[in-house]
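Coordinate inspection notes
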Amino acid sequence: MKITQLNPFILHVPVTGNRIADSSNRITHWGTVGVIVETDAGLRGFGYTGTLGYGPADRLIRDCIADCYAPILLGKDPLGVRHLWQTMFNFPGIRWVGRAGVTQMALAAVDVALWDIKAKAAEMPLWKLLGGSETERIEAYNTDGGWLSLSDDELVEGAKQMVEGGFRGIKIKIGSPDPGNDLRRIEAVRHAIGADVKLMVDANACWDLPTAIRVGRRLADWDVFWFEEPICCDDVSGHATLVRSTDTAVALGEQLYSVDAFRHFIEAGAVHFVQPDATRLGGVTPCWQAIDLAASHRLPVVCHAADMMQIHQHLSIAHPACTMLEYIPWLRQCFEEPATVEGGRFLVPQMPGAATTLKPDALERFAVS
Ligand SMILES: [Mg+2]
């Protein structure tokens, strides 16, 4: 099989309620920047990364796919995806300016598309190709009712509805200018959902270490399951200090671009729940390595879902280290087989591929130039 063409795309898909915010970002659309890889066998691979829908940055990723990676891949066999990843990552002129950011997110989109082709060629869903079992029903936790832009009443009402809908875990955003505001909201949500539902909090890397320690020492009062991205996402020693200073587990990883970065956090004892995201890390290929690395340290993995679960559901089903997966339903309308939760757990996808195949009308409705 040979790769004959790469067609990059940019989609901007409206988020729930058309506007959401956390401590660091306010958005109206989720950016889905990716590529359709065509082959001479007629198989088409779909891959993408997730962005905040900022056009100028999305165009950099799209152009990187078209100008940097497409010339490397044309004529190659897509099934040799691990070696192709090495070739693209180590291409001297790209590596010199890359290894993180735009080049790594573009590489992620391409790598996912190649795994999609590989699974379609094997006529099996990606989880099966990766060694997963049909009986694995991954627990979902819901993030899409916990935004900082919601009023206290909306937050509490939304939390109740998610629990009534079968979710056994929810995550709320914190990181207000006044942390007392966050503590009040955490207490209200815990009271509303009862003691048996997992409650996670996410500061989106907005606080300094003293603030994070002060807030972190209060979280055990409400049995918070993990404290996500409390401080600057690259600060290894700061997270290690926080881990030693509080009783609540620390979660991070969604903004890390390399397996080495995960190694630094894990070896420093700076993380409890490891949260790689294939769409930032360079694709399925390195994400599997990051999950293996966490597993070798006996740390639980809960993938971050900038792909809105389509790809990570496969990784989570396939890898025993993955215990839960985030649920945010913004892109469900775009895919032929959207990730689906019933009774608080993900259904096991059945179609061959990585569940990334877009409906034709998604490209028509949401494409931007
Ligand atoms: Mg997060």
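To keep things clear, this report deals only with the structure shown in the data block. Since we're looking at a predicted model, the values are computed, not measured.

Before going further, it helps to spend a moment on the pairing of strand S7 (residues 169-173). Across the five residues of S7, five count as buried, placing the element largely inside the fold. Judged by which residues are buried, S7 turns out to be covered on both faces: Gly169, Lys171 and Lys173 on one side and Ile170 and Ile172 on the other are all buried. Bridge analysis of S7 against strand S8 (residues 198-202) gives five bridges, and the strand direction is parallel. Looking across to S8, one finds that Lys171 is bridged to Met200. Tracing the backbone out of S7, into helix H7 (residues 179-193) and back to the parallel element S8 gives a crossover that is right-handed.

This brings us to the coordination of the magnesium ion. Protein coordination at the magnesium ion comes from Asp202 (OD), Glu228 (OE) and Glu254 (OE), with a distance range of 2.0 to 2.2 Å. Sequence spacing of the donor residues for the magnesium ion, all on one chain, is D-x25-E-x25-E. Highlighted residues: Asp202 in strand S8 and Glu254 in the loop between strand S10 (250-252) and helix H10 (259-267), separated in sequence by 52 residues.

Here we come to helix H4 (residues 102-121). Look at H4: 29 Å from first C-alpha to last across 20 residues, which is about the 28 Å you get at 1.5 Å a residue. Glu123 occupies a position one or two residues after H4 and carries a positive phi of about 55°.

Along helix H8 (residues 209-219), the residues that are buried comprise Thr211, Ala212, Ile213, Val215, Gly216 and Leu219. Buried positions along H8 lie against H7, S8, strand S9 (224-228) and helix H9 (236-245).

Here we come to the sheet that holds strand S1 (residues 3-14). Spatially, the three strands line up as an open sheet ordered S1-S4-S5, and their pairing is antiparallel. Whereas interior strands pair on both sides, the edge strands pair on one side only; in this sheet they are S1 and strand S5 (44-51). When the angles between neighbouring strand axes are averaged without regard to direction, this sheet yields 20°. As judged from the eight bridges shared by strand S4 (residues 29-39) and S5, these two strands associate in the antiparallel manner. By the bridge assignment, Gly34 is partnered in S5 with Tyr48.

To continue, consider the packing of aromatic side chains. By the definition in use, this model includes eleven aromatic pairs. Note on Trp30 and Trp330: the rings are 5.7 Å apart at their centroids and 55° apart in plane angle, and the pair reads as tilted. Taken as a pair, Trp30 in strand S4 and Trp330 in the loop between strand S12 (324-327) and strand S13 (341-342) lie far apart in primary sequence, 300 residues in all. Take Trp30: its relative accessible area is 10%, and that puts it in the buried class. Ring geometry for Phe167 against Tyr327: centres 5.4 Å apart, planes inclined by 40°, an arrangement best described as tilted.

This brings us to the nonpolar core. If you look at the biggest cluster of nonpolar residues, it comprises 121 residues, and the most contacted ones within it are Tyr69, Met88, Leu114, Ile186, Phe227, Trp330 and Phe346. At eleven residues, the largest contribution of residues to this core is made by H4. Residue assignment places this core across two domains, with domain 1 (3-124 + 360-366) and domain 2 (128-346) each supplying three or more. Those residues in contact with Trp330 that lie beyond four places of it in its chain are Val13, Pro14, Val15, Thr16, Ile20, Ile27, Trp30, Asp144, Trp147 and Met308. Listed in part, the eight residues of the second largest apolar core include Met200, Ala249, Ala251 and Met324.

This part covers the environment of Gly216. For Gly216, the location among the structural elements is in helix H8. Classification of Gly216 by relative accessible area gives buried; the value is 2%. Separated by 27 residues in the primary sequence, Gly216 and Val243 place their C-alpha atoms 9.3 Å from one another. If near-sequence neighbours (up to four positions away) are discounted, Gly216 is found in contact with Phe227, Thr246 and Thr248.

Now for the pairing of S12. The alternating pattern of S12 places Met324 and Glu326 and Leu325 and Tyr327 on opposite faces, both of which are buried. Where strand S6 (residues 139-142) meets S12, four bridges bridge the pair, whose relative direction is parallel. Its bridge partner being in S12, Tyr141 is matched across the sheet by Glu326.

Rules of the game
Residues numbered from 1 in each chain as written. Predicted model: local features only at pLDDT ≥ 70, side-chain atom pairs only at ≥ 80, totals over all residues. Heavy atoms only, no water. Buried < 20%, exposed > 50% of the residue type's maximum accessible area, 1.4 Å probe, protein only. Helix = DSSP H or I, 4+ residues; strand = E, 2+ residues; numbered from the N terminus. Pairing = 2+ DSSP bridges. Right-handed = clockwise from strand over helix to strand, strands pointing away. Donors = N, O, S within 2.8 Å, 3.2 Å for Na, K, Ca; no water. Expected span 1.5 Å × (residues − 1). Contact = heavy atoms within 4.5 Å. Axes fitted to C-alpha atoms, helices over the stretch in contact; angles between N-to-C directions. Phe/Tyr/Trp six-rings, centres within 6.5 Å; stacked < 30°, edge-to-face > 60°. Core = buried A, V, L, I, M, F, W, Y, C linked by side-chain atoms within 4.5 Å. Domains from an automatic or database assignment.

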